[in-house]
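Per-entry structural report
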Amino acid sequence: MELISIAIDGPAAAGKSTVAKQIAKKLGIIYVDTGAMYRALTYQTLQENIDLEDEKAVMEILNKIDIRLAQDKEGQRVFINEKDVTEAVRYPDVTASVSVIAKHPLVRKKMVAAQQELAQDNSVVMDGRDIGSHVLPDADVKIFLIASVTERAKRRFEENRQKGIPADLHTLEKEIEKRDELDSTREASPLVKAEDAVELDTTSLSIDDVTNKILEICQPFIEKLGIR
Ligand code: CDP
Ligand code: CDP
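Rules used throughout
Residues numbered from 1 in each chain as written. Chains lettered and ligands numbered in written order. Predicted model: local features only at pLDDT ≥ 70, side-chain atom pairs only at ≥ 80, totals over all residues. Heavy atoms only, no water. Pairing = 2+ DSSP bridges. Helix = DSSP H or I, 4+ residues; strand = E, 2+ residues; numbered from the N terminus. UniProt positions renumbered as here; feature names shortened; annotations may be inferred. Core = buried A, V, L, I, M, F, W, Y, C linked by side-chain atoms within 4.5 Å. Buried < 20%, exposed > 50% of the residue type's maximum accessible area, 1.4 Å probe, protein only. Domains from an automatic or database assignment. Contact = heavy atoms within 4.5 Å. Axes fitted to C-alpha atoms, helices over the stretch in contact; angles between N-to-C directions.

To continue, consider the sheet that holds strand E5 (residues 83–84). Spatial strand order, E3-E4-E5: three strands in an open sheet with antiparallel pairing. With partners counted over all chains shown, the strands left at the sheet margins are strand E3 (67–72) and E5, one partner each. The pairing of strand E4 (residues 75–80) with E5 spans two bridges and is antiparallel. Directly across from phenylalanine 79, in E5, lies its bridge partner aspartate 84.

A few words now on the UniProt feature "domain: Cytidylate kinase" (unreviewed entry) in the protein. Listed under "domain: Cytidylate kinase" (unreviewed entry) in the UniProt record, and renumbered for this structure, are residues 6–218. Helix makes up 53% of residues 6–218 and strand makes up 17%, while its end C-alpha atoms are separated by 8 Å.

Another aspect to go through is the nonpolar core. In terms of nonpolar packing, the biggest core is built from 34 residues, with Leu41, Ile67, Val107, Met111, Met126 and Leu136 touching the most fellow members. Elements represented by at least two residues in this core include exactly helix H2 (34–47), helix H3 (55–64), E4, helix H4 (92–101), helix H5 (105–121), strand E6 (124–128) and helix H6 (131–135). With six residues, the top contributor of residues to this core is H2. In this structure, this core is formed jointly by two domains, domain 1 (1–29 + 123–223) and domain 2 (34–122), each of which donates at least three residues. Leucine 136 has contacts with Ser5, Ala119, Val124, Met126, Ile131 and Lys142, leaving out every residue within four places of it along the chain. Leu145, Leu200, Ile214 and Ile222 belong to the second largest nonpolar core, which has 21 residues in total.

As a further point, take the sheet that holds E6. Each strand in a sheet pairs with another by means of backbone hydrogen bonds, the pair being arranged parallel or else antiparallel. Taken in spatial order, the five strands make up an open sheet running E2-E6-E1-E7-E8, and their pairing is parallel. Unpaired on one side and paired on the other, strand E2 (30–33) and strand E8 (198–201) mark the two borders of the sheet. Strand-to-strand twist of the sheet, defined as the mean angle between neighbouring strand axes without regard to direction, takes the value 20 degrees. Where helix H1 (residues 16–27) meets the sheet, its contacts fall on strand E1 (5–9), E2, E6 and strand E7 (141–146), and the angle it forms with E1 comes to roughly 165 degrees.

Looking now at the environment of methionine 111. Among the structural elements, methionine 111 can be located in helix H5. The spatial distance from the C-alpha of methionine 111 to the C-alpha of valine 89 is 16 Å, given a sequence separation of 22 residues. Excluding residues within four positions of it along the chain, methionine 111 makes contact with Met37, Tyr38, Leu41, Leu62 and Ile67.

The structure is reproduced here in structure tokens:
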């Protein structure tokens with residue numbers, strides 16, 4: 001069976017998951033939000049009061065829990081064992097700590113293996129930081145989404161306001177800058193644009209504009225597979 005893989009990377013709040021969900025829906029393929037996996041582990045580490053810097057202790061947690069991604073009509077839900085933590089993993093305490101958890105090489109090794117397994121038997125659109133550069137180096141389409149930090153902070157502010165998550169614009173901008181810095185400078189598969197990725201600056205683009213541009217880039221593969 002022929003499969004298609006689409007990798008979408010970029011810094012925080014560039015619009016990756018929103019457009020990835022739309023593309024997955026349009027093409028009838030699976031959406032994989034890899035950030036949710038790192039967020040779930042961070043959530044559990046915070047619950048258990050473990051030192052986030054202690055990779056061995058964090059790995060003990062990772063090895064004893066089951067992080068599961070499930071598809072629903074809105075996109076994806078994330079579970080730790082049987083507990084639905086989809087909303088909980090988006091809260092500011094998790095967001096503030098996730099880059100510390102995501103820098104540990106052993107954590108990444110296990111997460112990446114699980115992500116690669118998902119793409120082995122399914123057509124996927126996968127979003128994250130290292131998908132085109134590391135997780136799916138042979139992806140059919142690689143996109144690197146960017147937008148100014150001011151615009152990204154505004155988008156996250158509006159999103160949080162709608163969800164009732166407490167937020168302050170200035171604090172959000174600082175948090176996004178700090179997380180981008182940590183993600184870009186870590187040693188293990190940092191946030192980086194893959195050499196063969198197409199960069200799209202979404203600062204002044206709507207969600208539909210971005211989705212349509214990516215679908216255009218995917219068109220040769222879509223035709224080949226006869227998806228639509
Ligand atoms: O949605 P947002 O951009 O805020 O973040 P996310 O995609 O949920 O990712 C949360 C964090 O997980 C990132 O800041 C990275 O530290 C980490 N992450 C990663 O290291 N590698 C990935 N493939 C995905 C996320
Ligand atoms: O996944 P990532 O962190 O890159 O960003 P996101 O969660 O998809 O997008 C953050 C927010 O920006 C969402 O509320 C989107 O609706 C919004 N957005 C936008 O206003 N314009 C875009 N071109 C893309 C996303």
